[in-house]
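Here are the chains, one letter per residue:
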Amino acid sequence: MTNNKRTEFSKRPSTAKVGNNNNSQRVTKIKQYLSSCEDNESDFHSIWLYVNENTKYGVVSYNLANILSKRKEFVKVGKQSVKNPTTGVWGRTTIWRLVE
């Protein structure tokens, strides 16, 4: 392992090689779920539930929103009105599609 503070910027590795990168695991799970959905698209809440059920530590909603919006593999298709099954309150959710 090198100390990046002492290494010239152009000679630094392109990705970090230390620690456990939970985001890469989450991206893999999101791709896996969306590829199993019809038309490779699903709503935000369903993606969030799938990731939380199938990973050890899950994901908080703002982190999932950052992953979906900043990765080129995912595209926001639109919005949809949905009813929360537990509270019965109507709300809007975004629809995301896997692009590869």
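Here, the structure is the one placed above.
Residues numbered from 1 in each chain as written. Predicted model: local features only at pLDDT ≥ 70, side-chain atom pairs only at ≥ 80, totals over all residues. Heavy atoms only, no water.

Undergrad: I'd like a description of the side chain of threonine 94, backed by residues and values.
TA: Residue position: threonine 94 is located in strand β3 (residues 90-98). A polar contact of 2.9 Å, which involves the side chain of threonine 94, links it to the side chain of tryptophan 96. (Helix = DSSP H or I, 4+ residues; strand = E, 2+ residues; numbered from the N terminus. Polar contact = N/O pair within 3.5 Å; in protein donor to acceptor, adjacent residues only side chain to side chain.)

Undergrad: So what's going on with the packing of helix α1 (residues 22-36) against helix α3 (residues 61-70)? Residues and values would help.
TA: As a packed pair, α1 and α3 sit with axes 11 Å apart at the nearest point and diverge in direction by 70°. Taken together, the axes of α1 and α3 lie roughly perpendicular to each other. Residues Asn23, Arg26, Val27 and Ile30 of α1 form the contact with α3, whose own contacting residues are Asn63, Leu64, Ile67 and Leu68. For the contact of α1 with α3, a count of residues per class yields five nonpolar, two polar and one charged. (Axes fitted to C-alpha atoms, helices over the stretch in contact; angles between N-to-C directions. Parallel < 35°, antiparallel > 145°, perpendicular 65-115°, else oblique. Contact = heavy atoms within 4.5 Å. Nonpolar A, V, L, I, M, F, W, Y, C, P; charged D, E, K, R; others polar.)

Undergrad: Can you tell me about the sheet that holds strand β2 (residues 74-83), naming the residues and giving the values?
TA: In spatial order, the strands read β1-β3-β2; together these three strands make up an open sheet with antiparallel pairing. A single partner strand is all that each edge strand has here, and the edge strands are β1 (41-43) and β2. The average undirected angle you get between the axes of adjacent strands in this sheet is 25°. Across three bridges, β1 lies against β3 in antiparallel orientation. Looking at the pairing, serine 42 lines up with tryptophan 96 of β3. Along the sheet, α1 makes contact with β1, β2 and β3, crossing β3 at roughly 95°. In the packing of helix α2 (residues 44-54) onto the sheet, contacts are made with β1 and β3, and the angle to β1 comes to roughly 90°. (Pairing = 2+ DSSP bridges.)

Undergrad: Explain the layout of surface pockets to me, and be specific about the residues and the numbers.
TA: If you add up the space inside the largest pocket, you get close to 210 Å³. Lining the largest pocket are Asp43, His45, Val82, Lys83, Asn84, Pro85, Val89, Trp90, Gly91, Arg92 and Thr93. The set of elements that each furnish at least two residues to the lining of the largest pocket consists of β2 and β3. Top element by residues in the lining of the largest pocket is β3. It accounts for four residues. (1 Å grid on protein atoms, 1.4 Å probe; cavity = no way out; pocket = protein on both sides within 12 Å on 5 of 7 lines; lining within 4 Å. Points joined across faces, edges and corners; volume = space filled by probe spheres on them.)

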